[in-house]
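# Examining the three-dimensional arrangement
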Amino acid sequence: MKKFLCVILSLITVFSLVACSKNVQPENSEASTTTETTTESTTEDLTAKKLAMARGKEEGLFYSPLVAVPDYYFKPTGTGNDTEKLTYKYNGITKSCIVYIPPGYDEKKQYNVYYLLGGAMASEEAFFNGAGEGSTLQNMFDHMIENGEVEPFIAVNVNFFYHHDHNEDLDNGKVVETVDTFCDELRTTIVPEVESKYSTFAESTDEIDLIASRKHRCFGGFSLGSSVSLLTLTRNLDYFYYYAPLCGADFRTYYPDYFDTSVADDLAVELEKLDYTTDDYFIFATEGENDNTFADMNPVMTDLLDNHSDLFIRTDSDKSAGNISYKVLPGWEAQHRYLHAYRYFYNSLIAFWGSELREDYTTEVTLVKD
């Protein structure tokens, strides 16, 4: 298991939550010395290299209609509920999470739960700010629910870290321990604490009831949260049915001595140990064409789709036809930014718990052509 924990860490390459762009010199030496070389041509060169690397096989890169979020969704509805802070203790450490309450919340009803994790250096306030402060993501969720695009749900912004200085949890000596500990915390403390206070599909917080209600629970995240989503798939599969790895990446550039097999192969090995079938989990994964995690995450996702079809069956139009949907947002502007994370969360929610009003949101995917 320690080996796997190390391997799964290979799914994070860039912990920065800001966009990162690089100037790449053209391979043609003559072109590199001409005064006609421009920023535009450099951009095109970088994009071409990424596409060529990602394509690999004919179905290597999937461009798809990731639905854009209407601009007014980012403004308050005026009728939405609020967010609350839930404080708990894990292994003697006091931690907290921010809980989003849907409009019209009724304790007599049952709600799906979306557990969210931000990127490196982000706290439980990454997406919802402090309790009661309002946020862009909260506004978007309110609009989605009030417009009937998705069933009402509860969302929980969790905190991955244990030290005030997050670098203490991310350095070479402690990051494995931190990931291992978080997966246990999620299972033994966070989920029971949340679902004992709020009305969900779990009849109780006994393990048997949490397992029985797994189809009403998702774990998703952006950047660092993306790689942890995949780790959760193999560690807590009996608690979560839905997974949303949004712009994660390969971490082995930082820990080259830890790995001797591919990320996809190691994920497959761990999944094969579990007593579940391809009908027992659904993954909605995204990347941005110019996201600084693209060059690392895309090969992992295409490897899963191309070489492990016994575990990962691609679908982009019908959730019942497969168990993984991988979408790439095209364009130079599709960088590593929260602006795009909102769009990824929006589309994942429609995929997981969308209403009949949006069943056609995933039209046929088209592949990039030269």
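Residues numbered from 1 in each chain as written. Predicted model: local features only at pLDDT ≥ 70, side-chain atom pairs only at ≥ 80, totals over all residues. Heavy atoms only, no water.

## Notes on the pattern of salt bridges
- Applying the stated criterion across every chain, the model contains six salt bridges.
- For the salt bridge of K95 with E185, the shortest nitrogen-to-oxygen distance reads 3.0 Å. Here K95, found in strand β3 (residues 93-100), pairs with E185, found in helix α6 (residues 175-197); they are 90 residues apart in sequence, far enough to count as distant.
- A relative accessible area of 0% places E185 in the buried class.
- Its salt-bridge partner being R187, residue E207 comes within 3.0 Å of it at the nearest N-O pair. Linking E207 in helix α7 (residues 207-212) with R187 in helix α6, this pair joins segments that are 20 residues apart in sequence.
- The exposure class of E207 is partly exposed, given its relative accessible area of 46%.
- Relative accessible area serves as the criterion here: at 17%, R187 is assigned to the buried category.
- Linked by salt bridges that have partners in common, R187, E207 and D238 make up one network. (Salt bridge = Lys/Arg side-chain N within 4 Å of Asp/Glu carboxyl O. Helix = DSSP H or I, 4+ residues; strand = E, 2+ residues; numbered from the N terminus. Buried < 20%, exposed > 50% of the residue type's maximum accessible area, 1.4 Å probe, protein only.)

## Side note on the nonpolar core
- Y115, V156, F182, F219 and F312 are the most contacted members of the largest nonpolar core, which totals 57 residues.
- Considering every element that reaches this core, the biggest residue donor is α6, with seven residues.
- Apart from residues no more than four positions distant in its own chain, F182 is found in contact with L117, V158, N159, F160, Y162, I190, F219 and V228.
- Core analysis: the next-biggest nonpolar cluster, separate from the first, contains 42 residues, V69, Y100, Y342 and I350 among them. (Core = buried A, V, L, I, M, F, W, Y, C linked by side-chain atoms within 4.5 Å. Contact = heavy atoms within 4.5 Å.)

## Section: the confidence of the model for the protein chain
- Of the residues in the protein chain, 73% have a pLDDT of 70 or more, and the chain-wide mean is 77.
- A low-confidence stretch, residues 1-63 (pLDDT under 50), is modelled with 147 contacts involving residues beyond four sequence positions or located in other chains.
- Within the model, pLDDT remains below 50 along residues 253-259, and this stretch shows 13 contacts once partners closer than five positions in the same chain are excluded. (pLDDT = per-residue confidence, 0-100.)

## What about the packing of helix α9 (residues 263-272) against helix α10 (residues 294-307)?
- Packing of α9 against α10 brings their axes to within 8 Å, and their N-to-C directions diverge by 50 degrees. In this view, α9 runs oblique relative to α10, as classed from their interaxial angle. The handedness of the crossing between α9 and α10 is right-handed. Listed contacts from α10 to V263, A264 and L267 of α9 are V300, D303 and L304.
- Of the residues contributing to the contact of α9 with α10, the split by class is five nonpolar, no polar and one charged. (Axes fitted to C-alpha atoms, helices over the stretch in contact; angles between N-to-C directions. Parallel < 35°, antiparallel > 145°, perpendicular 65-115°, else oblique. Left-handed = near helix turned anticlockwise from the far one by under 90°. Nonpolar A, V, L, I, M, F, W, Y, C, P; charged D, E, K, R; others polar.)

## Description of the pairing of strand β9 (residues 324-329)
- Burial within β9 is extensive, with six of its six residues counted as buried.
- Covered by surrounding structure in β9 are I324, Y326 and V328 together with S325, K327 and L329, the residues of both alternating faces.
- Across six bridges, strand β8 (residues 282-288) lies against β9 in parallel orientation. What sits directly across from I283, in β9, is I324. (Pairing = 2+ DSSP bridges.)

## Let's talk about the environment of G119
- Along the polypeptide, G119 turns up in the loop between β4 (112-117) and α4 (136-146).
- G119 sits in the buried class, given a relative accessible area of 1%.

## A few points about α9
- Summarising burial for α9: seven of the 10 residues are buried, a large majority.
- Within the sequence span of α9, burial applies to V263, A264, D266, L267, A268, E270 and L271.

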